[in-house]
Amino acid sequence: MTEPASVSRRIVAEALGSAFLLATIIGSGIMAERLAGGNVALALLGNTLATGAILVCSSDLLAPISGAHFNPAVSMVFVLRRELTVRGGLVYSAAQIVGAFVGVLLAHAMFDEPLLQLATKVRTGPAQWLAEFVATFGLVATILCVSRAGKTSVAYAVGLYISAAYWFTSSTSFANPAVAAARSLSDTFAGITPAHFPAFVLAELAGAFAAFLLVGWLLGSRANGKIDRV
């Protein structure tokens, strides 16, 4: 029987996964925009495929260590389910945010962009806030439902869901407070102006909480009392 990973390993795993996620989102956005010749749909497709793929790889790789949340909204739900302590959720979230910021810097460095940037891309309004609520609701619902069938399926389900949500949501499915915050520091294809990301975060947290309530009722599941001591 494999022993649980130490706290430090779990924290590093969450930061590492978040860093790779943001490096992929920002880096593939830069690459896609440069190669698409002004075709925004083609650029978004390239961005989508890369993001979905890295989610599958990173989740499958790091789930045995930390659970591969890479998302403060997901960690919040596991706290609510009492599968993670409040302290553990805060530590995970901090690692995810730091990792996400590092990922943005890495993407900028790899593409010879200025390291420190502030995004100017406008992403706001009720339609996009609703889109973020829906995107995060669906993501959390996917994780909670698929994890009951077997953890090996979750990575693929998450990658496929986010790939789809890039296209069926008007916000292109950030679905992650750490992602929203980090993307505000990149004035590239995937950016969001700093003034607009807080509303995205609120919508994402609301969507995650709604999924926790509804999916818990649908599945008849209750918190199992297992506490992940971080």
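Look a little higher up for the structure.
Q: Any chance you could explain the overall build of the protein here in plain terms?
A: Helices and strands together make up the secondary structure of the protein, namely eight helices and zero strands. In sequence order, the protein lays out its α and β elements as α-α-α-α-α-α-α-α. In terms of C-alpha radius of gyration, the protein reaches 17 Å, essentially the compact-globule figure of 17 Å for 230 residues. Across the 230 residues that make up the protein, the buried fraction comes to 50%. Residue pairs at least 24 apart in sequence account for 78% of intrachain contacts in the protein once pairs closer than 6 positions are excluded.

Q: Help me understand the side chain of His108, please; the structure alone is not making it clear to me.
A: Along the chain, His108 turns up in helix α4 (residues 86–110). Residue classification places His108 among the buried residues on the basis of a relative accessible area of 0%. Reaching out from His108, the side chain makes a polar contact with the backbone oxygen of Pro114 at a distance of 3.3 Å. Apart from the residues lying within four places of it in its own chain, the contact partners of His108 are Ile26, Glu113, Pro114, Leu115, Gln117, Leu185, Ser186 and Thr188.

Q: Just checking my understanding: could you explain the packing of aromatic side chains for this structure?
A: The way to describe two aromatic rings as a pair is by their centre distance and the angle between their planes. Tallying each qualifying case throughout the model produces four aromatic pairs. Note on Tyr161 and Phe168: the rings are 6.2 Å apart at their centroids and 75 degrees apart in plane angle, and the pair reads as edge-to-face. The lysine or arginine in question, Lys121, covers the ring of Phe189, its NZ or CZ lying 4.8 Å from the ring centre. The residue whose ring lies beneath Arg183 is Phe174, and the NZ or CZ to ring-centre distance is 3.6 Å.

Q: What exactly am I supposed to notice about helix α6 (residues 154–168) here?
A: Helical geometry note: an α-helix holds 3.6 residues per turn, so side chains three or four residues apart project in the same direction. Between its first and last C-alpha, α6 extends 21 Å over 15 residues, near the 21 Å set by a 1.5 Å rise per residue. Residues of α6 that are buried: Val154, Ala155, Ala157, Val158, Gly159, Tyr161, Ile162, Ala165 and Tyr166. The inward-facing, buried residues of α6 contact α1 (7–35), α2 (40–66), α5 (126–149) and α7 (177–183).

Q: Explain the nonpolar core here, please?
A: Inside soluble globular proteins, nonpolar side chains tend to come together where they are buried. In terms of nonpolar packing, the biggest core is built from 39 residues, with Leu21, Leu22, Ile26, Leu139 and Ile162 touching the most fellow members. Secondary structure elements with two or more residues in this core: α1, α2, α3 (72–80), α4, α5, α6, α7 and α8 (197–219). In this structure, Ile162 is in contact with Thr51, Leu55, Leu139, Ser173 and Ala175, ignoring residues within four places of it in sequence. Counting residues in hydrophobic clusters, the runner-up holds eight residues, among them Ala73, Val77, Leu144 and Ala211.

Q: How should a nonpolar patch on the surface be read in this particular structure?
A: Taken together, Leu42, Leu45, Leu49 and Trp167 make up a surface patch of nonpolar side chains, about 410 Å² in accessible area. As for its placement among the helices and strands, Leu45 is situated in helix α2.

Q: What should I look at first to understand the side chain of Gln117 in this one?
A: When you line up the elements, Gln117 lands in the loop between α4 and α5. Here Pro114 takes part through its backbone oxygen, which lies 2.8 Å from a polar atom of the side chain of Gln117. In this structure the side chain of Gln117 is engaged in a polar contact, spanning 2.7 Å, whose partner is the backbone nitrogen of Asp187.

Q: How should the environment of Met31 be read in this particular structure?
A: Within the secondary structure layout, Met31 lies in helix α1. It is 8.4 Å that separates the C-alpha atoms of Met31 and Gly46, two residues lying 15 residues apart in sequence.

Definitions and limits used
- Residues numbered from 1 in each chain as written.
- Predicted model: local features only at pLDDT ≥ 70, side-chain atom pairs only at ≥ 80, totals over all residues.
- Heavy atoms only, no water.
- Helix = DSSP H or I, 4+ residues; strand = E, 2+ residues; numbered from the N terminus.
- Rg over C-alpha atoms; globule rule 2.2 N^0.38 Å.
- Buried < 20%, exposed > 50% of the residue type's maximum accessible area, 1.4 Å probe, protein only.
- Contact = heavy atoms within 4.5 Å.
- Polar contact = N/O pair within 3.5 Å; in protein donor to acceptor, adjacent residues only side chain to side chain.
- Phe/Tyr/Trp six-rings, centres within 6.5 Å; stacked < 30°, edge-to-face > 60°.
- Lys NZ or Arg CZ within 6 Å of the ring centre and 35° of its normal.
- Expected span 1.5 Å × (residues − 1).
- Core = buried A, V, L, I, M, F, W, Y, C linked by side-chain atoms within 4.5 Å.
- Patch = residues over 30% accessible without salt bridge, like charges linked within 9 Å, V, L, I, M, F, W, Y side chains within 5 Å.
- Areas by Shrake-Rupley, 256 points an atom, 1.4 Å probe, with all protein chains shown as cover.
- Salt bridge = Lys/Arg side-chain N within 4 Å of Asp/Glu carboxyl O.

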